[in-house]
Amino acid sequence: MHDDSAAWYLPEHLTHLYYSPVYATLTPVQRRVYNRLHACYLCEMCAFLEGELPRYYLQAASAPNIPKHLLAQAQALSDSEKRHASMFRALARRLSPGLYCEDEYILVRPPSLPALMVRTLFNLPALRPMLLWIALIQEERGVYYGEEILRQAEHLDPAMVEVQRKHLADEEEHLGFGEALLPSYWDACRPWVRRLNARLFRYVLREYLGAPKRAGVRLIHIWVKECPDLETRKSELVDAMRALDRNPGFHRSLYSRKIVPKTFDLFDRYSEFCDLGKSVWGYSPEVNG
Ligand SMILES: [Fe+2]
Ligand SMILES: [Fe+2]
């Protein structure tokens with residue numbers, strides 16, 4: 001069982017509420033419980049994305065204009081992401097054993113009907129390029145998170161550090177693969193497909209991979225159960241979580257040129273992403289050369 005009076009699981013600047021004024025009003029134990037639950041959220045998010053996205057890499061790498069060696073790399077990537085997804089699920093269970101007795105996903109829980117519709121939609125080839133961008137930006141963000149965790153390893157839970165160390169060993173290669181695949185794939189798409197996918201990318205990043213919405217509220221309900229002294233502040237905490245969507249510092253903590261430089265460099269090449277900064281506040285196009 002974890003001792004929340006002593007352990008940290010993530011550097012605080014990688015957690016959402018760290019960017020809210022409410023964070024300064026929490027006790028050390030309340031912060032540590034939040035830190036552990038946020039670590040579970042992160043594990044679930046990684047397990048979900050790493051379980052879902054590689055199939056689209058495989059489909060894209062099978063396209064006729066893509067160099068053949070990338071298909072073998074996509075297969076290797078897909079195999080290693082399966083291992084990573086189960087590693088992250090096991091870590092979440094280890095951090096909060098009581099949470100995961102019946103379900104693998106507690107915080108990241110897409111409602112079943114929309115999730116089914118989304119999966120059906122993404123079987124349409126015209127919508128796949130967007131998923132490759134999602135995969136790339138999340139891979140690069142995952143590398144940044146892993147590096148930040150290793151940088152502060154001596155202050156963090158050893159199980160979290162060990163998982164991140166193993167994960168990082170594979171991820172640099174994945175990032176190189178995504179960087180090699182995306183430009184060829186994107187360049188071959190028709191202009192309307194690119195415009196549509198850039199708009200969808202903006203929407204998905206803002207709605208599902210930006211400021212916490214549904215998962216953030218679920219986390220607060222669990223947090224308050226574990227820290228009953230927060231019960232009277234529940235709605236204040238929910239409001240604080242929702243207010244992050246209007247907080248520029250918080251947005252920059254999710255996606256910025258420091259966190260995802262390679263993906264941002266690629267956006268700079270394509271006019272379809274010139275107004276991405278309206279949703280992804282940490283991005284503004286840079287003119288190269
Ligand atoms: Fe991974
Ligand atoms: Fe990866």
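In this text, all values refer to a predicted model and were calculated from it rather than measured experimentally.

Cut-offs and rules
Residues numbered from 1 in each chain as written. Chains lettered and ligands numbered in written order. Predicted model: local features only at pLDDT ≥ 70, side-chain atom pairs only at ≥ 80, totals over all residues. Helix = DSSP H or I, 4+ residues; strand = E, 2+ residues; numbered from the N terminus. Buried ≥ 20, exposed ≤ 12 C-beta atoms within 10 Å, placed from the backbone. Contact = placed C-beta atoms within 7 Å. Expected span 1.5 Å × (residues − 1). Arc of directions from axis to C-beta. Axes fitted to C-alpha atoms, helices over the stretch in contact; angles between N-to-C directions. Parallel < 35°, antiparallel > 145°, perpendicular 65-115°, else oblique. Left-handed = near helix turned anticlockwise from the far one by under 90°. Nonpolar A, V, L, I, M, F, W, Y, C, P; charged D, E, K, R; others polar. Core = buried A, V, L, I, M, F, W, Y, C linked by C-beta atoms within 7 Å. pLDDT = per-residue confidence, 0-100.

Draft legend 1. Looking closely at the overall build of the protein. If you tally the helices and strands in the protein, you get 11 helices and zero strands. Taken from N to C terminus, the helices and strands of the protein fall in the order α-α-α-α-α-α-α-α-α-α-α. For the protein, the spread of C-alpha atoms along the three principal axes comes to 60 × 40 × 35 Å. Here the protein, with 289 residues, has 36% of them falling under the buried criterion. Counting only contacts in the protein whose residues sit at least 6 apart along the sequence, the fraction spanning at least 24 positions is 77%.

Draft legend 2. Molecular detail of helix α1 (residues 28–52). With 25 residues, α1 ought to run about 36 Å at 1.5 Å a step, and its terminal C-alpha atoms sit 36 Å apart, in line with that. Of all 25 residues in α1, 19 are buried, a share of seventy percent or more.

Draft legend 3. Local environment of helix α8 (residues 214–226). With 13 residues, α8 extends 19 Å from end C-alpha to end C-alpha; this agrees with the ideal 18 Å at 1.5 Å per step. Three or more residues of α8 are buried, namely Ala-215, Gly-216, Leu-219 and Ile-220. In an axial view of α8, the angular spread of the buried residues amounts to 140 degrees, which keeps them on one side of the axis. Residues His-221 and Lys-225 are exposed on α8 and point more than 90 degrees away from its buried face. On its buried side, α8 packs onto α1 and α9 (234–243).

Draft legend 4. Examining the packing of helix α5 (residues 128–151) against helix α7 (residues 191–208) more closely. It is at 8 Å that the axes of α5 and α7 come closest, and there the two elements cross at 45 degrees. Here α7 runs oblique to α5, going by the angle between their axes. At the point where α5 passes α7, the crossing takes the right-handed sense. On the side of α5, the interface is formed by Pro-129, Met-130, Trp-133 and Ile-134, while α7 contributes Val-193, Asn-197, Leu-200, Phe-201 and Val-204. For the contact of α5 with α7, the per-class residue count stands at eight nonpolar, one polar and no charged.

Draft legend 5. Inspection of the nonpolar core at higher detail. With 68 residues, the main nonpolar core has Tyr-41, Cys-43, Tyr-57 and Leu-132 as its most contacted residues. Sorting elements by how many residues they give to this core places α1 first, with 12 residues. Leave out the neighbours within four places in its chain, and Tyr-41 touches Leu-107, Val-108, Ala-215 and Leu-219.

Draft legend 6. Inspection of the environment of Lys-262 at higher detail. Locating Lys-262 in the fold gives a position in helix α11 (residues 261–269). Taking C-alpha positions, Lys-262 is 8.9 Å from Leu-175, a pair spaced 87 residues apart along the chain. Look past the residues within four positions of Lys-262 in its chain and what remains in contact with it is Glu-140, Leu-175 and Glu-179.

Draft legend 7. Up close: the confidence of the model for the protein. Summarising the model, the protein shows a mean pLDDT of 90, and 93% of its residues fall at 70 or more. Mean pLDDT across the elements of the protein bottoms out in helix α4 (residues 112–121) (64) and peaks in α9 (97).

Draft legend 8. Inspection of the environment of Ala-215 at higher detail. For Ala-215, the location among the structural elements is in helix α8. Expressed as a C-alpha distance, the spacing of Ala-215 and Arg-151, which sit 64 residues apart in the sequence, is 27 Å. Beyond its immediate chain neighbours, meaning those up to four positions away, Ala-215 contacts Tyr-41, Leu-107 and Val-108.

Draft legend 9. The packing of α1 against α8, seen in detail. Contact geometry for α1 and α8: axes closest at 10 Å, N-to-C directions at 140 degrees. One finds that α1 runs oblique with respect to α8. Our pair here, α1 against α8, has a crossing hand that is right-handed. The residues of α8 that touch α1, namely those facing Val-33, Tyr-34, Leu-37 and Tyr-41, are Ala-215, Leu-219, Ile-222, Trp-223 and Glu-226. Here the residues of the contact of α1 with α8 sort into eight nonpolar, no polar and one charged.

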